Amino acid sequence: MNDRKRLSKALVALFALVLPFFLAGAKGPLAADGRVIILGFDGADARTVRQLMAERPGDYPNFERLADQGSFAPLEIVAPPESPVSWAALNTGQNPAKTGVPGFVRRTLDGGNPMPGLGHLGDERRPVESFENTPIPTWSPNVMAGVAGGAAFVLVLILVLAISRGRFVLSLVLALVFGGAAAYGGLTIRGMLPETLPRSTNPNQTRNLWDYAADAGVESIVIDAAQSFDMEAPEGARVLSGLGVPDARGKIGDWFIYTTSPDYTDRPPKGKGTSTAGTVFRVDEYDGKIQTKIFGPKNFWLEEKLQKEIKAVDDAIRNPTISLDKSIELTEQKRSLDDELARVKAEGTSVDMVIEKSGGSATIQIGGQSQTLEEGEWSEFFELTFELNWLLKVQALTRIRLVHLDDPHFEIFVNVLDIDPRNPPFWQSISEPHGFASELAHDCDMLFETYGWSTATMPFKDKQISPEVLMEEVEFTLGWREELVLKSLQRDDWRLFMGVFSTTDRVQHMMYQYYDEEHPLYDAAAAGRTMTFFGETIELREAIPAIYRQMDRVVGRVLDEAVRDGDTFIVCSDHGFQSFRRQVNINNWLVEAGYLAVKEPINPRLDAALLFVDWSKTQAYSLGMGFIYLNLQGREPQGQVAPAEADAVMARLRDDLLQATDPDTGAKICKEVYVTKDVHSGPYLSMEADLLLGFAPTYRISWSSTSGGIHLVSDGDGGH
């Protein structure tokens, strides 16, 4: 069965129930009281739920209730089974060639050689005139000056004439003075809006199911919708975006550690980067006090202003009639401006942070706020303001954990800087309409994280936080999201509701190493460590069953507190999950199978990227999450496979991959291999790979392959 049919089969249970309701609108038989409530659990696996219910009867009463009273069946999903692809497909009912979302990673040919790029989000600079919700009109500077000056002139002239009883000359002079001042002020204020602004963009090109519902007059609320940011929604659809939303820095989840450890020497604003999105800053303590900064978004307004000034100076220097003295003066001015631009690019915006240690605690002060933490304690949200200029500000939220007070050194963990839902920047909306996020924060009387990948999985991957700290963060994220969903369900202005929870996915990604005794990282002693999770004492090996228990509890709350007679209640997932024990470097396999050639002598840097491939002898290569591309003539810069031969090469590749085995165990590594054009169709097919790998259980693409790398192993004689 091809993926197009699989996807249709997978979504039929959802859309057969929901779409007739949409199309009926106010006229259908369900118009009086019928509603649809959908809970989406990212990465929730039907096999795992079935196994847990069978092995632990009574632990999952609400899943059992749903299975008994309704239906319970696994859904087929679209390939590749990655969250952005799967959610975009589930939300729209379309395959990736129609949504334009090929995966977390996609191949780019911008620089000649194939390179990895982000597939689930992009970035661009948009003209300021294209944005709504700007703090002032986006008229041109001259128009703004004219309107401000003209309005002030007329107003002052009328007022002074009235007060002075017709003294026209005095009135005219004062009107001209105030009008000129207002014109200058209008010009200055308009100059605080840059010509272009950065924005993270969503590649999804297809309307979502709630858009069609709103078109039919069915009001909808969606909480934490994946791949929905940067998409307009019709009136009647209110959407808080989820996966894909950037952090307040415009990045994909930057996080920070401040430490006095002598292992680090890079002090702010430089810092030492981690393998993911972290930065470790070395800070210095004097008499129990640490003074440093938290760094926010780039000051793109000031960068643009300085670049304009540098260009003007450059143009003046190039004037052939300029004097030597003036040239020297301008050259020095340019040097100063260049230095300032370099500093602004390096530091961006920032807020001061002061830490004072006293006794067994530390008091952290940021922007007039102060919180005192014990070792191992999390703060409440700090509310941060990063000022680009008087008019442009970015409001952010973050939480801080005091990791160590003194032993062996001082250390705090500063979580991702989330966009403050009460006041998102006009150039990076996090909801549709723009004010819906603020409305939720106000109506629910709570602050919440907005970064699209809530939960600190990256610091855990970098071994900068423990599994216990990760689970604390999971509990926090699930806690606010649960309350946001339940409080939103209490509103009476919707008939379609969808709430998405990501924590099942995040816990399984990180905690299978403690749950699966055959996992290569499994350690019985570590798996037996205990912690408190939602008031329950669990061992780390119980983290996965525990997160499913919490989702069962959420289901019970929704059933008991929100679902009414006549409602349709659906619980669904975007993809399944299983343990990941073995990495497969597909480029290595392609070399061994004769599809990919490398230049001799082999460069040890080859592990990093496809920079040393001999393209003249290469038929196929891999990058991304199990994607294979042909080295196709007319597409790749040094393509070798003729279009007429492409089908035959892909058929041979598919057969070889389906027969490929693990050299250590003899097990087959692929359960299925899809020829993409046979299973997907649409205008964005060219964004996808030529073949998509469906790995057998416990196998997955290697991290090196994801970036297009080839893993090198020394032969012991200095070779590879």
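Below you will find a few notes about this structure. (Residues numbered from 1 in each chain as written. Predicted model: local features only at pLDDT ≥ 70, side-chain atom pairs only at ≥ 80, totals over all residues. Heavy atoms only, no water.)

**Notes on the environment of Phe 413**
With respect to the element layout, Phe 413 can be found in strand S19 (residues 411-414). Each C-alpha atom, one on Phe 413 and one on Thr 698, is 33 Å from the other, the two residues being 285 residues apart in sequence. When sequence neighbours within four positions are dropped, the list of residues in contact with Phe 413 reads Trp 255, Phe 256, Ile 257, Trp 378, Arg 399, Ile 400, Arg 401, Val 403, Ala 456, Pro 459 and Ile 465. (Helix = DSSP H or I, 4+ residues; strand = E, 2+ residues; numbered from the N terminus. Contact = heavy atoms within 4.5 Å.)

**Some words on the pairing of strand S24 (residues 536-539)**
Alignment of strand S23 (residues 530-533) against S24, held across 4 bridges, turns out to be antiparallel. Bridge assignment links Thr 530 to a residue of S24, and that residue is Glu 539. Connecting the antiparallel pair S23 and S24 is a turn made up of 2 residues, with Phe 534 showing a positive phi of about 50 degrees. (Pairing = 2+ DSSP bridges.)

**Topic: the pattern of salt bridges**
Per the counting criterion, the structure on display carries 54 salt bridges. Its salt-bridge partner being Arg 557, residue Glu 561 comes within 3.0 Å of it at the nearest N-O pair. Here the residue Glu 561 and the residue Arg 557 both occupy positions in helix H16 (residues 543-561), the gap between them amounting to 4 residues, near one helical turn. Within this structure, Arg 238, Glu 439, Asp 443, Arg 491 and Asp 493 form a network of salt bridges that share partners. (Salt bridge = Lys/Arg side-chain N within 4 Å of Asp/Glu carboxyl O.)

**Comments concerning the environment of Met 192**
Looking at the element boundaries, Met 192 is found in the loop between helix H7 (168-190) and strand S5 (196-201). Judged by its relative accessible area of 16%, Met 192 falls in the buried class. Separated by 197 residues in the primary sequence, Met 192 and Asn 389 have C-alpha atoms spaced 6.8 Å apart. Apart from residues lying up to four places away in sequence, Met 192 is in contact with Trp 301, Asn 389, Trp 390, Leu 391 and Leu 392. (Buried < 20%, exposed > 50% of the residue type's maximum accessible area, 1.4 Å probe, protein only.)

**A few points about the nonpolar core**
One finds Tyr 258, Ile 294, Ile 412 and Met 511 to be the most contacted residues of the largest nonpolar core, which totals 146 residues. Not counting residues within four places of it along the chain, the set of residues in contact with Ile 294 comprises Tyr 258, Thr 349, Ser 350, Val 351, Met 353, Ile 366, Leu 384, Phe 386, Val 414 and Leu 417. Of all hydrophobic cores here, the second largest spans 42 residues; its members include Val 584, Ile 669, Ala 696 and Tyr 699. (Core = buried A, V, L, I, M, F, W, Y, C linked by side-chain atoms within 4.5 Å.)

Taken by themselves, the reported measurements are silent on function.
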